[in-house]
Amino acid sequence: WGVPFELWDGGIEVGINGAHGNTNMLSLTTGINLTRTDGPSEMFWELIYLKTETNEIETQHNAILKIDYDLEFKDSDWTWFAKFFGVYDEFKAFDVRLSVNTGAGYNLVKTDTKQMKFRIGAGWSREINGPDDRYVPEATFGIGFERELPGQQKLVFDSQYLPEWEDFSFYRMINDAHWKILLHEASDLHLKIGIIDRYDSTPNGADANDLTYSLLLLWKI
């Protein structure tokens, strides 16, 4: 595409948990992420895959793809954003949920070590092969926070509230937080502690809330 490779930064992450005895459990979480920064624009995408078996019975199986784009306006705290969120979840009423939204962002705080941004916009979502297989217009409200800490640590939090335009009592929420700690500078090895919480007010027979937490090793590439 003619884009210099040095514009990209990313990492590969892997986490495995297991138990053997009265309960046999094996859980695998893996993912990859890339960030491209070019002047006032930044693109971030991340793919996360999780699978858990307990006593040889599958209890979790999902994949999440996130793509974020932000454009900073010159000499302004206002930004433009676009977000894509795709979920495959074997234990939901649908096969795949896709959502796209875009709008304006505003930097409430922006320094060399921290940033807090508010977002407002609109978009749509669709649950494919589920009981409500249609395009749903949605409003978008969000807030993001990043903070660099001493010892090459970083805290990141992002929250989205996505109500249906026709009735705000039907809504989704996506909360994503993680803490990265540098373990070994020469190999660029990090420890990543993360939480993703997904809430759907119309689960169609499945659990309304999904909370996934992880302890991962992250290698920067």
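Residues numbered from 1 in each chain as written. Predicted model: local features only at pLDDT ≥ 70, side-chain atom pairs only at ≥ 80, totals over all residues. Heavy atoms only, no water.

Within the chain, the regular secondary structure consists of 0 helices and 12 strands. When the helices and strands of the chain are listed from N to C terminus, the series reads β-β-β-β-β-β-β-β-β-β-β-β. Rg of the C-alpha trace for the chain: 19 Å, near the compact-globule value of 17 Å for 221 residues, within the 12% margin. Here the chain holds 221 residues, and the buried ones make up 35% of them. Considering only residue pairs separated by 6 or more positions, the chain has 45% of its internal contacts joining residues 24 or more positions apart. For the chain, the distance from the average site of its 20 positive side-chain charges to the average site of its 35 negative ones is 4 Å. (Helix = DSSP H or I, 4+ residues; strand = E, 2+ residues; numbered from the N terminus. Rg over C-alpha atoms; globule rule 2.2 N^0.38 Å. Buried < 20%, exposed > 50% of the residue type's maximum accessible area, 1.4 Å probe, protein only. Contact = heavy atoms within 4.5 Å. Lys, Arg positive; Asp, Glu negative; His and termini not counted. Charge placed at Lys NZ, Arg CZ, Asp CG, Glu CD.)

Another point: the pattern of salt bridges. Here the structure, examined in full by the defined rule, presents 21 salt bridges. Across the pair Lys192 and Glu13 runs a salt bridge, and its minimum N-O distance is 3.1 Å. Placement of the pair is Lys192 in strand β11 (residues 189–200) and Glu13 in strand β1 (residues 8–19), with a sequence separation of 179 residues. Across the pair Asp70 and Lys117 runs a salt bridge, and its minimum N-O distance is 3.5 Å. On the criterion of sequence distance, the pair formed by Asp70 in strand β4 (residues 57–72) and Lys117 in strand β7 (residues 114–128) is long-range, its members being 47 residues apart. It is possible to trace a salt-bridge network through shared partners that takes in Glu13, Glu46, Lys66, Asp176 and Lys192. (Salt bridge = Lys/Arg side-chain N within 4 Å of Asp/Glu carboxyl O.)

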